[in-house]
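# Examination of the molecular architecture
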Amino acid sequence: MESTAKEMGDGASVLDLDPKYTVDGGVEDVYGEDSATEDQLVTPWTISVASGYSLLRDPHHNKGLAFTEKERDAHYLRGLLPPICITQQLQEKKLMNSIRQYQVPLQKYTSMMELQERNERLFYKLLIDNVEELLPVVYTPTVGEACQKYGSIFRRPQGLYISLKEKGKVLDVLKNWPERSIQVIVVTDGERILGLGDLGCQGMGIPVGKLSLYTALGGIRPSACLPITIDVGTNNEQLLKDEFYIGLRQRRATGQEYSELLHEFMTAVKRNYGEKVLIQFEDFANHNAFELLAKYRTTHLVFNDDIQGTASVVLAGVIAALKLLGGSLSEQTFLFLGAGEAGTGIAELIALEMSKQTKLPLEETRKKIWLVDSKGLIIDSRKDSLQHFKKPWAHEHEPVKDLLNAVKAIKPTFLIGSSGVGKTFTKEVIEAVASFHEKPVIMALSNPTSQSECTAEEAYTWTKGQAIYASGSPFDPVEYEGKVFIPGQANNAYIFPGFGLGLVISGAIRVHDDMLLAASEALAAQVTKENFDKGLIYPPFSNIRKISAHIAANVAAKVYELGLATRLPRPENLVKYAESCMYSPLYRMYR
């Protein structure tokens, strides 16, 4: 080494060392990576035979300590793992113990995401077997906080980011994704993430979370799922000033520039993945959500979970609640707080179901449903100033400026909140609803928990235990005067995984409103007498895969009935067929 140092001379760099001087066992710099300066290009990949080392770092195939002795020999894993071989069940137990140690939900979320990045099958095994415990971790309410802090917790990219920089090259970007057989895409532009507003590019947590549920609850293969964020900028000043923000630092593009990018995206998806790929729009702002759904529902297989998924799950709760209330759907009166995507979408589906049951025209059944927005009750005299999607709900009535007076005037049997504003179902409002009906149905649907119109405890306490309650985010059981009430959760996760599975197994080419009604009816039919006895209007999530199979079967049956199916012939038993198509997270044996 002394002679080497002398040969290097003054001012020479270690990089000038000839490869022959490498210590015994060293590796010559074949690819030029070590000797390259920062401004020189290097090739970041090389074609090589798969090694055990790379297998352990492939989340699709990694089994960790569950690799058998035979597999360790066959795949060059000897010495790369500790000597013990354990089962997937023991791995699951160990990880659940670890996750339960965390007190902060975001830590649990990060732990689950890290697991997904290193061992995909074990991630889904945990989620499927512990769905009631982990659903609030990988989805609402924790995913909202994760999106807010996405720039800080960002480690490895998941999904595709399509920004204005890629305009004119969207098809090429789609081709960069390694999987070719895509069945479901969840896409957002991040403008209205849950009830948290514009989170821009950091909204990626939503498509990633939704597709995790498509696999865990609906059985769609992970490799067939593609999360996408379309980044057109953000109007969130806090994010624009945040040094850790991962998106475009500019105000949101609107108008023609926005429309052109979205149209290029929709065209490229159909060209690259075909007619039968399901595109689920997620957390777009009202004005874009309705426009995109209307524009593409006749040319693509599209579904908006905020408008249609929410509507379907709420209608299922309404149908189930009627078994506790008695009477028919057409005998009920509905009052909504919030007239955006969710509120008008739910109202329309309820009106459609009412029309189907009574054979009355849709214009008539809509009159049983009233909506309140920020300016008060939506009535006929306001029609000229209303956005187009609110106009069908403008009925003849005197002006009413606030929710409390609207409740007193309309006397609803169902009070439904989709406002995105917390604490709006006040004590006075709830007591007024309870004064008109013995068993008022109160659905506080806004997410996350902090934005809920009222808590479960408030609803049960203020109605003296008479309310039938459901919320968008989970609440713990409530004890009131010695009786324990278990609040229902009107979570879209009941509907969209099974709905998507039904479209996939039938090879559907379009989404029709009748398919949403079929999904609602299937979900309502899964509520048992035991559930009703506890005051529940939704079945427990522990049976979600069975529920999803029944929803998928009902939806697929409607697809075949409407002549929109391409998978022919139709299977005889659609429930069994749906179950047989579901992804299993159990480890495979390797040759």
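Nothing here was measured: the structure is a model prediction, and the numbers come from that model.

## Concerning the UniProt feature "binding site: a divalent metal cation" (unreviewed entry) in the chain
Per the UniProt record, "binding site: a divalent metal cation" (unreviewed entry) is annotated on Glu282, Asp283 and Asp306. Of the residues just listed, which span 25 residues, no C-alpha pair is farther apart than 6.8 Å, and they cluster in one region. Structurally, Glu282 is set in the loop between β4 (278-281) and α14 (286-296). Residue contacts for Glu282: discarding those within four places in its chain leaves Tyr139, Val186, Val187, Thr188, Asp189, Ile206, Lys210, Asp305 and Asp306. As for its placement among the helices and strands, Asp306 is situated in helix α15 (residues 305-325). When near neighbours in sequence (up to four residues on either side) are disregarded, Asp306 contacts Arg192, Phe281, Glu282, Asp283, Phe284, Glu341 and Ala342.

## Some details on the side chain of Asn119
With respect to the helices and strands, Asn119 occurs in the loop between α5 (105-118) and α6 (120-129). With relative accessibility at 3%, the residue Asn119 sits in the buried group.

## Re the packing of aromatic side chains
In total, this model carries 13 aromatic pairs according to the counting rule given. Taken together, Tyr460, Tyr469, Phe475 and Phe485 form an aromatic cluster joined through their ring pairs. A cation over an aromatic ring shows up here: Arg57 above the ring of Tyr53, its NZ or CZ 3.8 Å from the ring centre.

## Comments concerning the pairing of strand β9 (residues 414-417)
On β9, burial covers both faces: Phe414 and Ile416 on one face and Leu415 and Gly417 on the other are all buried. Note: strand β6 (residues 334-337) against β9, 4 bridges, orientation parallel. Pairing of Phe336 across the sheet is with Ile416, part of β9. Alignment of β9 against strand β10 (residues 441-444), held across 4 bridges, turns out to be parallel. Residue pairing for β10: Phe414 is matched across the bridge by Val441. Of the crossover connections in this fold, the one passing from β9 over helix α19 (residues 427-436) to the parallel β10 is right-handed.

## Considerations on the sheet that holds strand β3 (residues 225-231)
The strand order across the open sheet built from 5 strands is β1-β3-β2-β4-β5, with neighbouring strands paired in parallel fashion. Each end of this open sheet is capped by a strand with a single partner; those strands are β1 (160-163) and β5 (302-304). For this sheet the average axis-to-axis angle between neighbouring strands, irrespective of direction, equals 25°. Bridge count between β1 and β3: 4 bridges; the pairing is parallel. Looking at the pairing, Tyr161 lines up with Thr229 of β3. The strands touched by α14 are β4 and β5; relative to β5, the strand with the most contacts, the crossing angle is about 155°.

## Here we look at the domain arrangement of the chain
For the chain, the domain assignment lists domain 1 (52-118), domain 2 (141-304), domain 3 (309-490) and domain 4 (494-537 + 550-570). Its C-alpha centre places domain 1 at a distance of 30 Å from the equivalent point of domain 2. Of the residues lining the interface, 8 residues belong to domain 1; the matching set on domain 2 comes to 13 residues. Both sides of the domain 1 and domain 2 interface together cover about 960 Å² of buried area, and 56% of this is carbon and sulfur. Considering only the surface of domain 1 that becomes buried against domain 2, Leu106, Tyr109 and Glu117 emerge as the three largest contributors, covering 59% of it. Remark: the boundary between domain 1 and domain 2 carries 0 salt bridges. At the surface where domain 1 touches domain 2, the tally comes to 2 residue pairs in polar contact (both at pLDDT 80 or more). By residue class, the composition of the side of domain 1 that touches domain 2 is 4 nonpolar, 2 polar and 2 charged.

Basis of the calculations
- Residues numbered from 1 in each chain as written.
- Predicted model: local features only at pLDDT ≥ 70, side-chain atom pairs only at ≥ 80, totals over all residues.
- Heavy atoms only, no water.
- UniProt positions renumbered as here; feature names shortened; annotations may be inferred.
- Helix = DSSP H or I, 4+ residues; strand = E, 2+ residues; numbered from the N terminus.
- Contact = heavy atoms within 4.5 Å.
- Buried < 20%, exposed > 50% of the residue type's maximum accessible area, 1.4 Å probe, protein only.
- Phe/Tyr/Trp six-rings, centres within 6.5 Å; stacked < 30°, edge-to-face > 60°.
- Lys NZ or Arg CZ within 6 Å of the ring centre and 35° of its normal.
- Pairing = 2+ DSSP bridges.
- Right-handed = clockwise from strand over helix to strand, strands pointing away.
- Axes fitted to C-alpha atoms, helices over the stretch in contact; angles between N-to-C directions.
- Domains from an automatic or database assignment.
- Buried area = accessible area lost by both parts, 1.4 Å probe.
- Salt bridge = Lys/Arg side-chain N within 4 Å of Asp/Glu carboxyl O.
- Polar contact = N/O pair within 3.5 Å; in protein donor to acceptor, adjacent residues only side chain to side chain.
- Nonpolar A, V, L, I, M, F, W, Y, C, P; charged D, E, K, R; others polar.

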